[in-house]
Amino acid sequence: MDARHARYPFLASARTAVQEAGVDLADVVQNDDAVVERALERVTTAVTDREIGEAAHSTRVELLSYPVARVIVSLVDENILVRRYAQGEANTAYERFRDDFTTDDDLASVGGDERVSRDDLLREFDLRDHVTPTEEGFDVGVATYLLLSSSIRGEDWRLVNRRLDDGRVPVSGLELDDLLRQAVEDRVADGLPLSVPDAIGSELGEAVSEVKTVLSELDLTRDIDTVVPELFPPCMTNLLERVQRGDHLPHHSRFAITAFLANIGLSTDEIVQIYEVNPGFGEEMTRYQTDHIQGESSPTEYTAPACATMKSYGDCVNPDALCDHISHPLSYYEAKLDDADEDELDDWRDQNDQSEA
Ligand code: SF4
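Residues numbered from 1 in each chain as written. Predicted model: local features only at pLDDT ≥ 70, side-chain atom pairs only at ≥ 80, totals over all residues. Heavy atoms only, no water.

1. Re the overall build of the chain
Going by this rule: Runs of H or I in DSSP of at least four residues are treated as helices and runs of E of at least two as strands, each being numbered from the N terminus. Contacts were defined at the residue level, with two residues in contact if any of their heavy atoms lie within 4.5 Å. In these tables, accessible area is a Shrake-Rupley quantity obtained with a 1.4 Å probe, and a residue counts as shielded only by the protein chains included in the view.
For the chain, the count of helices and strands is 19 helices and 3 strands. Counted over contacts in the chain with a minimum sequence separation of 6, partners at least 24 positions apart contribute 70%. Accessible surface, the chain: about 18,300 Å² in total, of which carbon and sulfur atoms supply 46%.

2. Quick word on the site of the ligand
To be explicit about the condition: One heavy atom within 4 Å of a molecule or strand makes the whole residue count as near it. Here the nonpolar group is Ala, Val, Leu, Ile, Met, Phe, Trp, Tyr, Cys and Pro; Asp, Glu, Lys and Arg are the charged ones; every other residue, Gly included, is treated as polar.
The local shell around the ligand consists of Pro233, Cys235, Cys307, Met310, Cys316, Val317, Pro319, Cys323, Ile326 and Pro329. Of the residues belonging to the shell around the ligand, the class tally is 10 nonpolar, no polar and no charged.

3. Digging into the confidence of the model for the chain
Inclusion rule: Per residue, pLDDT measures the predictor's confidence, with a range of 0 to 100.
Here the chain shows a mean pLDDT of 87. Residues at 70 or above account for 89%. The model gives residues 106-111 a pLDDT under 50, and that stretch makes 2 contacts with residues more than four places away or in other chains.

4. A few points about unusual backbone geometry
Which entries qualify depends on this criterion: Each residue is assigned to one of three classes by its accessible area relative to the maximum for its type, calculated with a 1.4 Å probe on protein chains only: buried under 20%, partly exposed between the two thresholds, exposed over 50%.
Pro193 follows Leu192 through a cis peptide bond whose omega is -5°. Residue placement: Pro193 occurs in the loop between α9 (173-189) and α10 (198-201). Notably, Arg50 is not glycine yet its phi reads approximately 55°, a positive angle. Structurally, Arg50 is set in the loop between α4 (33-49) and α5 (59-76). Judged by relative accessible area, Arg50 falls into the partly exposed class, the value being 25%. Of note in this structure, Asp126 is not a glycine but carries a positive phi near 55°.

5. Some thoughts on the nonpolar core
The test is simple: Nonpolar core, defined: a set of buried Ala, Val, Leu, Ile, Met, Phe, Trp, Tyr and Cys residues in which side-chain atoms within 4.5 Å join the residues together.
Ranked by internal contacts, the top residues of the largest apolar core, which has 64 residues, are Phe10 and Tyr85. With 10 residues, the single largest contributor to this core is α5. Residues contacting Tyr85, with those up to four places away along its chain left out, are Arg42, Val43, Ala46, Tyr66, Ala69, Arg70, Val73, Val188 and Leu192. Within the second largest apolar cluster, 27 residues are counted, among which are Cys235, Ala259, Leu261 and Ala262.

6. A look at the packing of aromatic side chains
For clarity, the threshold we go by: In this analysis, rings of Phe, Tyr and Trp, with Trp reduced to its six-membered ring, are considered paired at centre separations within 6.5 Å, and the interplanar angle assigns stacked below 30 degrees, edge-to-face beyond 60, and tilted for intermediate values. As a reminder, the over-ring test applies to NZ of lysine and CZ of arginine, requiring each to be within 6 Å of the ring centre and within 35 degrees of the ring normal.
Inspection of the entire model under this criterion finds 9 aromatic pairs. Measuring from centroid to centroid gives 5.5 Å for Tyr94 and Phe97, while their planes differ by 70°, and the two rings are edge-to-face. Of this pair, Tyr94 and Phe97 both sit in helix α6 (residues 79-102), 3 residues apart, roughly one helical turn. Accessibility classification places Tyr94 together with Phe97 in one group, the buried group. A network of ring pairs unites the aromatic residues Tyr8, Phe10 and Phe125 as a single cluster. Against the face of Trp157 rests Arg162, its NZ or CZ located 5.6 Å from the ring centre.

Shown next as structure tokens:
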């Protein structure tokens, strides 16, 4: 276990080092408070600040806090936490590797071997054969580019807005580092939530409650009541378009879109208004169904179907990269809202208000 592993605990070699040291995670969570505390800090700081806080002085504590943090995230088992935590780890790694890339060897103080080079990271993520240095920057194979850029926000990243030379996309050094940041985020999120043995889970009850409290204080549900059609999951966009084209929708599809709109905060009147353009959606029936879904005329408030159900009915259409990380259309929407800036949301709200006026 060396300083580089503590600094970049997602590296395959860091994992091997932990395994080779014969670390028993159950023993660590039971007896090593410093590791559990640092793990908890990694997770809570990721939720609140989207980074993971100051590194511990001890290399051992810093490195072992990473697998323990992943266990805590798994025990809480919330999509939004997995995303925030992976973003936090990736943002801190980005700061560190950018610092490493730009540190002049002659000026580096001690412990030069704790640093990584861009080439090290390209090799780590099996990208070496897909990225070629050029005079202006780098050329990235289009498949690799698409894989990594699809989760990055911003029109500049869309392939239609890029030059494409013979199956390769030219990027600057800074852009390549953004792609590497995304590779780290994907690596951290990979496999989460883990299945956690009871012996480990039972020792982390307090840490799990603390993370749940931090999450609830963030009031992430506040955003889900914001209606931004631009951020709807592809399946719901498709159903909404079909409603507005006047298509006849089978019962399961109609239930899915109506429940989704009700769950994100639309009133019965608003849903009736959206469906007005489709003569197949009689107002009376729409009102009855929507009230029923919202629990007005029934004892239950219904939730839109999960992705597995949507798939089994053929309602999962055009899934995108984010769909790989979620299991419910509401989680997709929640994640998109979480990623959007307040300014962007304000713009969308203004646009919607104007179009309604
Ligand atoms: S994976 Fe889920 S959220 Fe994505 S399109 Fe399919 S049903 Fe919708």
